[in-house]
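Structural overview for review
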Amino acid sequence: MIRLYALGAVLGWIGLSLLLAGVPGLQQPKLADRLRPYSPTNRRTRTRILAARSFAEVIGPLASAVGGAIARGFGVHEDLKMRLERTHSEEDATSFRVRQAAWACASLFGAVMLTLVVSIPAVFTVLMIWVAPVLGFLLVEQNLARRSEAWQRRIKLELPVAAEQLAMLLSAGFSLGAAFNRLAERSRGTFGRDLNRVLLRLRQGVPNNEALDEWAAIAKVPSVERLVAILRLHGQASDLGRLVSNEARASREEAHRDLLESMERKAQKVWIPVTVAALLPGCIFLAVPFISALNFFNQ
């Protein structure tokens with residue numbers, strides 16, 4: 001019993017230390033963090049890792065290695081950095097894994113405390129101690145996966161309208177960079193934020209095709225990949241606006257097909273409770289004459 005209390009206290013201290021490490025108000029900001037808002041890129045990134053003497057910074061590489069191995073074991077093979085870049089998260093991969101480790105330790109501490117307070121069989125105790133940290137780990141991972149899928153879905157829905165506006169600008173004589181700037185100024189959704197990232201890469205000196213390829217690789221949306229393949233022809237095709245307009249039309253048709261498929265799927269789900277509700281009284285009505293026939297032949 002004393003060992004269980006000691007183990008619970010150690011795990012609770014570790015989880016509390018990691019959770020407190022992510023609270024910005026409890027740490028002294030670094031000089032680089034205070035000067036970052038005034039940098040030319042003006043890209044504010046929040047780090048949850050403290051100074052070199054911090055326990056969170058020491059455990060960061062270990063949390064990244066172990067967390068990546070556990071995620072791959074549960075079938076998550078996409079790069080964590082790519083998913084964080086896709087959702088424009090202010091966290092880096094190490095901070096995310098440290099936060100995951102904090103939730104896992106806190107879940108394990110809660111499970112240990114619950115087994116000490118509540119009298120349950122030993123089998124369930126061991127099962128709870130093993131399952132609780134895994135659930136805490138997967139909860140954070142699932143939250144990121146859900147945000148990533150939602151971001152991809154919003155990009156797919158916004159792409160037809162944004163591509164049509166881009167096609168009109170290109171047909172009006174705008175260059176690709178000027179059209180991107182004009183469209184980014186007017187867009188406030190997910191497509192606009194992705195376009196601002198492309199413009200940031202262009203201002204850093206990255207070639208147009210390379211910046212577009214990075215956007216397609218991060219987004220991982222088929223319609224975006226097709227649009228990028230067309231935009232790569234900006235120095236070769238004279239009717240780039242028409243090609244982008246055709247792609248916008250194809251993207252709208254694809255979104256329309258997805259909408260019809262979703263509506264059909266929801267319509268089919270409506271019939272499930274109706275079928276169950278109709279089968280139950282039917283079974284009762286069939287059972288009454290069947291039982292009556294059995295009683296008649298048994299006499």
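In this report, the structure presented in the accompanying data block is examined. This structure is a prediction, so every number in the text was calculated from the model and none was measured. Starting from 1, residues in each chain are numbered consecutively following that chain's sequence as written. pLDDT decides what is reported in this predicted model: residues at 70 or higher carry local features, side-chain atom pairs at 80 or more are listed and counted, and totals for whole chains, interfaces and linings draw on all residues regardless. To get the side-chain values, take all heavy atoms of the structure and skip hydrogens and water.

Helix and strand assignments follow DSSP, with helices taken as H or I runs no shorter than four residues and strands as E runs no shorter than two, numbered in order from the N terminus. Tallying secondary structure elements over the protein chain gives 11 helices and 0 strands in all. Counting helices and strands in the order they occur from the N terminus, the protein chain gives α-α-α-α-α-α-α-α-α-α-α. The burial tally for the protein chain puts 32% of its 299 residues in the buried class. Contacts in the protein chain between residues far apart in sequence, at least 24 positions, make up 63% of those at least 6 positions apart. Categorising residues by exposure relies on relative accessible area from a 1.4 Å probe, with only protein chains included: less than 20% of the type maximum marks a residue as buried, more than 50% marks it as exposed, and the intermediate range marks it as partly exposed. Two residues form a contact once any of their heavy atoms are found within 4.5 Å.

Okay, the side chain of Arg-83 next. Note that Arg-83 resides in helix H4 (residues 80-86). In this structure Arg-83 comes out as buried when scored by relative accessible area, which is 4%. Filtering out sequence-adjacent residues up to four positions away, Arg-83 remains in contact with Val-76, Glu-78, Arg-97, Glu-141, Leu-144 and Ser-148.

Geometry is summarised by axes, namely lines fitted to C-alpha atoms with helices restricted to the contacting stretch, and by angles between N-to-C directions that run from 0 to 180 degrees. Where helix H6 (residues 122-171) contacts helix H10 (residues 222-231), the axes come no closer than 10 Å and their chain directions differ by 20 degrees. Here H6 lies roughly parallel to H10, going by the angle between them. H6 and H10 meet at a crossing whose hand is left-handed. Across the interface between the two elements, Ile-155, Lys-156, Leu-159, Leu-166 and Leu-170 of H6 pack against Ser-223, Val-224, Leu-227 and Leu-231 of H10. Note that the term roughly parallel is reserved for angles under 35 degrees, roughly antiparallel for angles over 145, roughly perpendicular for angles of 65 to 115, and oblique for everything else. In this scheme, a crossing is called left-handed if the near helix is turned counterclockwise away from the far one by less than a right angle; it is called right-handed if the turn is clockwise.

Bringing the pattern of salt bridges into the picture now. Between Lys or Arg on one side and Asp or Glu on the other, a salt bridge is scored when a side-chain nitrogen of the former is within 4 Å of a carboxyl oxygen of the latter. Applying the stated rule across the entire model yields 16 salt bridges. Note that Asp-194 is salt-bridged to Arg-197, the shortest N-O span being 3.2 Å. Residue Asp-194 and its partner Arg-197 are both found in helix H8 (residues 190-203); the two are separated by 3 residues, about one turn of the helix. Assigned by exposure class, Asp-194 and Arg-197 land together as buried. Asp-213 is the partner of Arg-232 in a salt bridge, and the nearest nitrogen-oxygen pair spans 2.6 Å. Of this pair, Arg-232 sits in the loop between H10 and helix H11 (240-298) while Asp-213 sits in helix H9 (residues 208-219), and the two are 19 residues apart along the sequence. Judged by its relative accessible area of 34%, Asp-213 is partly exposed.

Multiplying 1.5 Å by the helix residue count minus one yields the expected span of that helix. Taking 1.5 Å per residue, 50 residues should reach 74 Å; H6 reaches 72 Å between its end C-alpha atoms and fits that length. Where H6 bends most, the angle comes to about 45 degrees, and this point is Leu-159, followed within four residues by the proline Pro-160. The angle between axes fitted to the seven-residue stretch ending at a residue and the seven-residue stretch beginning at it gives the bend at that residue.

Here the focus is the packing of aromatic side chains. Aromatic ring pairs are described here by two measures, namely the spacing of the ring centres and the angle between the planes. In this scheme Phe, Tyr and Trp rings, the latter by its six-membered ring, pair at centre separations within 6.5 Å, and the angle between planes marks the pair as stacked below 30 degrees, edge-to-face above 60, and tilted otherwise. Considering all chains together, one arrives at 1 aromatic pair under this definition. For the ring pair Phe-191 and Trp-215, a centre distance of 5.5 Å and an interplane angle of 75 degrees mean the geometry is edge-to-face. Of the two residues, Phe-191 is situated in helix H8 and Trp-215 in helix H9; the sequence distance between them amounts to 24 residues. Using a relative accessible area of 3% as the deciding quantity, one classes Trp-215 as buried.

With that settled, the discussion passes to the side chain of Thr-125. Secondary-structure assignment places Thr-125 in helix H6. Not counting residues up to four positions away in its chain, the partners in contact with Thr-125 are Thr-115 and Ile-120.

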